[in-house]
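# An overview of the molecular structure
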Amino acid sequence: MTVVMADGDGLAREHGRYLWGLCYRLTGSAADADDLVQETFLRAIERPPVRTEEPVRPWLTRVAVNLGIDRLRARRRRAYDGPWLPSPVETEGDFAPEIGIEPVETEGRYDLLESVSMAFLVALEALTPRQRAIVLLCDVFDWSVKEAADALGMTEAAVKTMHHRARRALAAYESSRTRRTPELVEKTRAALGRFLLALGSADGKALESILDAEVRHLSDGGGEFFAARLPILGRDRVGRLLVGLAKRRGAGAQFALRMVNGMPAVVLEHAPARKIAPRSVLQCEIGEDGAIRAIYWVLATKKLTAVGPVI
């Protein structure tokens, strides 16, 4: 994350990470979060709040959220080739300043680490931009309905109605939600290791043995590289797809295990080849039984700017 302002260094130091984390959760894009934070500080310098005696963070939040809603609407108006996945961000430990996580917890419905998980950010894609903003403000950052209404220029009644609809839209996520614990992190890391071994040997039976019967595979090549253009569902179909991909990519891949969006992931690098992504990030989501129930594979180059290379 980079926040550099000629006349806003104080604002950046005090509020930059918080705003970046908010904008990243709102858009699912590290690049968009960079732009939105810069634009928010620019507005603060050019058109500062009138009531200077009041805390500036709510004002900055209001500006950033509304800019983010506009950015999200613009992104969704554009056609996208295949499933859209969030851009991964490397994190370390339980507190990750890279994604706006400070060593404090809120009383929100979703904690700060869960709210940047791939599963949660993918679930948020089912919401309208305003619904998404309301869920983040009320259920992650623990704002009151009145505060959210003031930030979004809405009535409290409208916020309550939209919040209720947003929660209904997240029902599928809620029904399969798993809370992040040290045990879940270790089980996910172990499952990812077994997955890589099976993938590296193109062993279809080994792959299917670690996949949930209802597993889903989402890959985002952004139209730049070969990737499935629709979600692939079910153990048999996902297993066949992965074996085909392993054979197509061939030997010689390098990889590194990293913490990405608060959970284990693998960064993969391949020799350049036509329509094959030379670099990608793969993350697995597991169920209570340890079986892999979701695979998120990000291949688009522009989405990997916040993840370092394999060394």
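No experiment lies behind these values; they were computed from the predicted model shown.

### Regarding the pattern of salt bridges
In the structure shown here, the tally under the stated rule is 18 salt bridges. Between D32 and R71 there is a salt bridge, and its shortest N-O distance comes to 2.9 Å. With D32 in helix α2 (residues 30–46) and R71 in helix α3 (residues 57–77), this pair connects stretches of sequence that are 39 residues apart. Taking the shortest distance from any N to any O, the salt bridge between R76 and E125 comes out at 3.8 Å. With R76 in helix α3 and E125 in the loop between α4 (118–124) and α5 (129–140), this residue pair connects regions lying 49 residues apart in the sequence. R76 gets classed as partly exposed once you look at its relative accessible area, which sits at 30%. The exposure class assigned to E125 is partly exposed, which follows from its relative accessible area of 22%. Connected through salt bridges with shared partners, the residues R75, R76, E125 and R132 form a single ionic network.

### Digging into the nonpolar core
Core analysis: the largest hydrophobic core is formed by 65 residues, its most contacted members being W20, Y24, F120, L124, V135 and Y296. Counting residues per element, this core draws most heavily on helix α1 (residues 9–27), which supplies eight residues. Ranked by size, the runner-up nonpolar core spans 33 residues in total, among them V215, F225, A227 and V266.

### Focus: the UniProt feature "domain: RNA polymerase sigma factor 70 region 4 type" (unreviewed entry) in the protein chain
UniProt's entry tags residues 118–170 with the feature "domain: RNA polymerase sigma factor 70 region 4 type" (unreviewed entry), counted in the numbering of this structure. As annotated, residues 118–170 comprises 77% helix and 0% strand, and the C-alpha atoms at either end are separated by 14 Å.

### As for α2
Taking 1.5 Å per residue as the helical rise, α2 with its 17 residues ought to reach 24 Å, and the 25 Å between its terminal C-alpha atoms agrees with that figure. Here α2 has its buried residues at A30, D32, A33, L36, V37, T40, F41 and A44. On an axial view of α2, the arc spanned by its buried residues comes to 160 degrees, and they lie on one face. Where α2 is buried, its residues contact α1 and α3. Put simply, S29 is the residue that caps the front of α2, since its side-chain oxygen is 3.4 Å from the backbone nitrogen of A31.

### Thoughts on the packing of aromatic side chains
The final tally for this structure, using the stated rule, is five aromatic pairs. Where Y110 meets F120, the ring centres are 4.7 Å apart and the plane angle is 50 degrees; that geometry is what we call tilted. Remark: F120 occurs in helix α4 and Y110 occurs in the loop between α3 and α4; sequence separation between them is ten residues. There is no split in this pair, since Y110 and F120 are both buried. On the numbers, 6.2 Å between centres and 65 degrees between planes, the contact of Y110 with Y173 is edge-to-face. One end of the pair, Y110, is in the loop between α3 and α4; the other, Y173, is in helix α8 (residues 171–175), and 63 residues separate them in sequence. The exposure classification of Y110 matches that of Y173, with both residues buried. One aromatic cluster is present, formed by Y110, F120 and Y173 through successive ring pairs.

Cut-offs used in this document
Residues numbered from 1 in each chain as written. Predicted model: local features only at pLDDT ≥ 70, side-chain atom pairs only at ≥ 80, totals over all residues. Heavy atoms only, no water. Salt bridge = Lys/Arg side-chain N within 4 Å of Asp/Glu carboxyl O. Helix = DSSP H or I, 4+ residues; strand = E, 2+ residues; numbered from the N terminus. Buried < 20%, exposed > 50% of the residue type's maximum accessible area, 1.4 Å probe, protein only. Core = buried A, V, L, I, M, F, W, Y, C linked by side-chain atoms within 4.5 Å. UniProt positions renumbered as here; feature names shortened; annotations may be inferred. Expected span 1.5 Å × (residues − 1). Arc of directions from axis to C-beta. Contact = heavy atoms within 4.5 Å. Polar contact = N/O pair within 3.5 Å; in protein donor to acceptor, adjacent residues only side chain to side chain. Phe/Tyr/Trp six-rings, centres within 6.5 Å; stacked < 30°, edge-to-face > 60°.

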